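What follows is the residue order along each chain.
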Amino acid sequence: MPMGTSRTGAAVATARKQVSRTGRVAAAPRMGTKLPVNEILIGDCIAALEKLPAESVDLVFADPPYNLQLEGALMRPDHSRVDAVDDAWDQFASFAAYDAFTRAWLLAVRRVMKKNATLWVIGSYHNIFRVGTALQDLNFWILNDVVWRKTNPMPNFRGKRFTNAHETLIWASRSPDAKGYTFHYDAMKAANEDVQMRSDWLFPICTGEERLKDTEGRKVHPTQKPEALLARIMLASSNAGDVVLDPFFGSGTTGAVAKMLGRNFIGCERDLTYADAARARIAAVEPVDPEALKAAPEKRSEPRIPFLSVVEGGMLRPGEVLTDARGRHQAMIRADGRLSLGPAIGSIHKIGALAQGLPACNGWTFWHADRGGERVCIDSFRAQLRASMSAA
């Protein structure tokens, strides 16, 4: 921690005094409290979080007030009023007050995060840089910043600035030395046409049937997030059965997606109208079939199989010739599990790279063996060997 324990405690106490929305100073955490999973805790988020057991949640998604600093009504060129965020919960007396609020809720969140839990925070240019500074000052460790690119952003009606077409998410671990956090790299890669998932995500803003409306057709919540955004976050960084905390629950997108994907949620919300709408929304969610939620084994966690083991297992033979998928390159299998290509001898990866004139190559997917006149990728033999090992 960059600050001593006493200074940290003083900072939290100061934050509580400076920020009206933090409410009264809560009693000491009740460590034996039963975790209120799949519930919405009504009231100030910091007071609610202080009543939860320490190190009890697996993932946090936070959509805090953006502190948009709107001065008066926002009007279109035709003088019609824009339905912008002008609610009291988004208004702060100063940047200092907002910073104190940010530090207070981040400290409260970190206390309930498990050691391997991670935190996602979303914001706009109005607040995300201040949140990022607070995260680093409080010794969180930033893993990624992700840009949510909106396919249908609200235009800049005055024509004096660029259209605000994105929001930024920060993904962070509890501390620099936090190990073993959840990240489903292979699943994200497979979902992205077998290419590494990038840090810019394209989603539309929440519209249509997904947008909650009241009886008069007005938005229930001005900043409702799309379910697709939360689904990607949970699929990437949580597991079925995990507890996902949302300290600014709003219209309940986190809870709806958590229920759909077999996760548990805890929400904090002080506005009863939002909480009631969220409960009704979540009650109507149909969970996904558990079979569809079972995680495939991560390649990095699978047992390491040397190429020689495949040869020793009789799936490939010394002296057998391997080719690439198109038959343009050939290499012979040696008895020691290496390949020979002319005078060159090396691993399946080294010889595959040499054949193509490349600096690196995945030999398991590059080399193929002839089986009945068809070229079969040698990685299939490795998979068979792994399966037999698992069965044994």
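This is a predicted model, so every value here is computed, not measured.

**So, the confidence of the model for the chain**
A residue-level look at the chain finds 83% of positions with pLDDT of 70 or above and a mean pLDDT of 85. Scored below 50 in pLDDT, residues 79-85 makes 20 contacts in the model with residues more than four places away or belonging to other chains.

**A look at helix α8 (residues 272-283)**
Its twelve residues place the ends of α8 16 Å apart at the C-alpha level, agreeing with the 16 Å of an ideal helix rising 1.5 Å per residue. Every buried residue belonging to α8 is among Y274, A275, A278, R281 and I282, and all of these are buried. End-on, the buried residues of α8 take up no more than an arc of 125°, which puts them together on one face. Of the exposed residues in α8, those oriented more than 90 degrees away from the buried face are L272, T273, A280 and A283. Among the structural elements, β1 (39-42), α6 (227-237), α7 (253-260) and β8 (264-269) are those in contact with the buried residues of α8. Measuring from the backbone nitrogen of T273 back to the side-chain oxygen at the start of α8 gives 2.8 Å, which picks out D271 as the cap.

**Considerations on the pattern of salt bridges**
Enumeration according to the criterion identifies 18 salt bridges in this entry. A salt bridge links E167 to K150; the shortest N-O distance between them is 2.7 Å. Separated by 17 residues along the polypeptide, E167 in strand β5 (residues 166-173) and K150 in strand β4 (residues 141-150) bring together distant segments of the chain. As far as the burial class goes, E167 and K150 line up, both buried. Residues R328 and D324 are paired through a salt bridge, measuring 3.3 Å at the closest nitrogen-oxygen approach.

**Structural notes on the packing of aromatic side chains**
Under the defined criterion, the tally for this structure stands at eleven aromatic pairs. Ring plane angle 65° and centroid distance 6.1 Å describe the contact between F101 and F248, whose orientation is recorded as edge-to-face. Residue F101 is located in helix α3 (residues 95-112), and its partner F248 is located in the loop between β7 (243-246) and α7; the two are separated by 147 residues in the primary sequence. Neither F101 nor F248 differs from the other in exposure class; each is buried. Ring plane angle 55° and centroid distance 5.5 Å describe the contact between W171 and F183, whose orientation is recorded as tilted. Of this pair, W171 sits in strand β5 while F183 is found in the loop between β5 and α5 (185-191), placing the two residues twelve residues apart along the sequence. With a relative accessible area of 4%, W171 lands in the buried category. Sitting over the ring of F140, R110 keeps its end group 4.9 Å from the ring centre. The ring centre of W201 lies 5.1 Å from the NZ or CZ of R232, which sits over that ring.

**What about the nonpolar core?**
In terms of nonpolar packing, the biggest core is built from 36 residues, with W105, L119 and L245 touching the most fellow members. Among the elements of the structure, α2 (45-49), β2 (57-62), α3, β3 (113-123), α4 (128-137), β5, β7 and β8 are those that each provide at least two residues to this core. At nine residues, α3 tops the list of elements feeding residues into this core. Excluding its chain neighbours within four sequence positions, the residues that come into contact with W105 are C45, I46, L49, A62, P64, V121 and F248. Residues I40, A231, A258 and A275 belong to the second largest nonpolar core, which totals 29 residues.

**Some points on α7**
Buried residues dominate α7, accounting for six of its eight residues. Those residues of α7 that fall on the buried side of the exposure criterion are T253, T254, G255, A256, V257 and A258. Elements in contact with the buried residues of α7: β2, α6, β7, β8 and α8. Phi turns positive one or two residues past the end of α7, at G262, with a value near 75°.

**Considering the sheet that holds β5**
What the eight strands build is an open sheet, ordered β1-β8-β7-β2-β3-β5-β4-β6; its pairing is mixed. Each edge of the open sheet is held by one strand with a lone partner, namely β1 and β6 (200-203). Averaged over all neighbouring strand pairs, the angle between strand axes comes to 20°, with direction disregarded. Pairing of β4 with β6 involves four bridges; the strand directions are parallel. Considered in β6, the bridge of V147 is made with D200. Sitting on the sheet, α7 touches β2, β7 and β8, and the angle it makes with β8 is about 170°. The sheet strands contacting α8 are β1 and β8, and the helix crosses β1 at an angle near 175°.

Cut-offs and rules
Residues numbered from 1 in each chain as written. Predicted model: local features only at pLDDT ≥ 70, side-chain atom pairs only at ≥ 80, totals over all residues. Heavy atoms only, no water. pLDDT = per-residue confidence, 0-100. Contact = heavy atoms within 4.5 Å. Helix = DSSP H or I, 4+ residues; strand = E, 2+ residues; numbered from the N terminus. Expected span 1.5 Å × (residues − 1). Buried < 20%, exposed > 50% of the residue type's maximum accessible area, 1.4 Å probe, protein only. Arc of directions from axis to C-beta. Polar contact = N/O pair within 3.5 Å; in protein donor to acceptor, adjacent residues only side chain to side chain. Salt bridge = Lys/Arg side-chain N within 4 Å of Asp/Glu carboxyl O. Phe/Tyr/Trp six-rings, centres within 6.5 Å; stacked < 30°, edge-to-face > 60°. Lys NZ or Arg CZ within 6 Å of the ring centre and 35° of its normal. Core = buried A, V, L, I, M, F, W, Y, C linked by side-chain atoms within 4.5 Å. Pairing = 2+ DSSP bridges. Axes fitted to C-alpha atoms, helices over the stretch in contact; angles between N-to-C directions.

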